[in-house]
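One-letter residues, chain by chain:
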Amino acid sequence: MKRYSTALLFGLLSLTSQLAHADIVDDAIGNIQQAINDAYNPGSSRSNDDDDRYDRSRQYDDRRRQLEDRRRRLDERQRQLDDDRRRLEEDERRLEDDYDR
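Parameters at a glance
- Residues numbered from 1 in each chain as written.
- Predicted model: local features only at pLDDT ≥ 70, side-chain atom pairs only at ≥ 80, totals over all residues.
- Heavy atoms only, no water.
- Helix = DSSP H or I, 4+ residues; strand = E, 2+ residues; numbered from the N terminus.
- Buried < 20%, exposed > 50% of the residue type's maximum accessible area, 1.4 Å probe, protein only.
- Areas by Shrake-Rupley, 256 points an atom, 1.4 Å probe, with all protein chains shown as cover.
- Patch = residues over 30% accessible without salt bridge, like charges linked within 9 Å, V, L, I, M, F, W, Y side chains within 5 Å.
- Salt bridge = Lys/Arg side-chain N within 4 Å of Asp/Glu carboxyl O.
- Lys, Arg positive; Asp, Glu negative; His and termini not counted.
- Charge placed at Lys NZ, Arg CZ, Asp CG, Glu CD.
- Contact = heavy atoms within 4.5 Å.

**Student:** Quick rundown of the overall build of the protein? Include the residues and the values.
**Tutor:** Counting its secondary structure elements, the protein contains 2 helices and 0 strands. Sorting the 101 residues of the protein into buried and exposed places 6% on the buried side. For the protein, the exposed area adds up to about 9,000 Å²; of that, 52% sits on carbon and sulfur atoms.

Below you can see the structure in the form of structure tokens.
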């Protein structure tokens, strides 16, 4: 039983560290994209309303794509966690079956 609890603890720790790394990577990607946008669009002197609307629209589209990408990554991580949970439950059932014999 001690091995089972140790394995469970190790599994949970590894999952939480992966999630923390994924959040750091997400933030880094967002910062890089923002830096690229800032580099290509430094405070230009355009004062035309059409240009301002275009810039806001493009920023909205960029941010929307970032959010959709993040949602896809979160969905993938959730699928991985669900798979891990199923495997863990199967292992637990096998352990209980072996113990009951």
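**Student:** Outline a negative patch on the surface, supporting the account with residue identities and numerical values.
**Tutor:** A surface patch of negative charge is lined by Glu 89, Glu 92, Glu 96, Asp 97, Asp 98 and Asp 100. Examined against the element boundaries, Glu 89 turns out to sit in helix α2 (residues 49-100).

**Student:** Lay out the pattern of salt bridges in plain terms, naming residues and giving numbers.
**Tutor:** Within this structure, the stated rule accounts for 9 salt bridges. The salt bridge involving Arg 70 is made with Asp 26; its shortest N-O contact spans 3.7 Å. Taken together, the positions of Arg 70 in helix α2 and Asp 26 in helix α1 (residues 2-40) put the pair 44 residues apart, joining distant regions of the chain. Assessed through its relative accessible area of 37%, Arg 70 is described here as partly exposed. Arg 72 serves as the salt-bridge partner of Asp 69, at 2.2 Å between the closest nitrogen and oxygen. Pair noted here: Asp 69 and Arg 72 are both in helix α2, with a separation of 3 residues, about one helical turn. Where salt bridges share partners, they join Asp 26, Arg 70 and Arg 73 into one cluster.

**Student:** Describe the side chain of Asp 26, listing the residues and the values that go with them.
**Tutor:** Judged by its relative accessible area of 11%, Asp 26 falls in the buried class. With residues up to four places along the chain from it excluded, the contact list for Asp 26 reads Arg 70, Arg 73 and Arg 77.

**Student:** Can you tell me about a nonpolar patch on the surface, naming the residues and giving the values?
**Tutor:** On the surface, a cluster of nonpolar side chains totalling about 370 Å² of accessible area is made up of Ile 32, Ile 36 and Tyr 40. Inspection of the secondary structure puts Tyr 40 in helix α1.

**Student:** Just give me the short version of the environment of Arg 70, but keep the residues and values in it.
**Tutor:** Sequence separation between Arg 70 and Asp 26 is 44 residues, and the spatial gap between their C-alpha atoms is 7.4 Å. What Arg 70 contacts, discounting residues up to four positions off in sequence, is Asp 23 and Asp 26.

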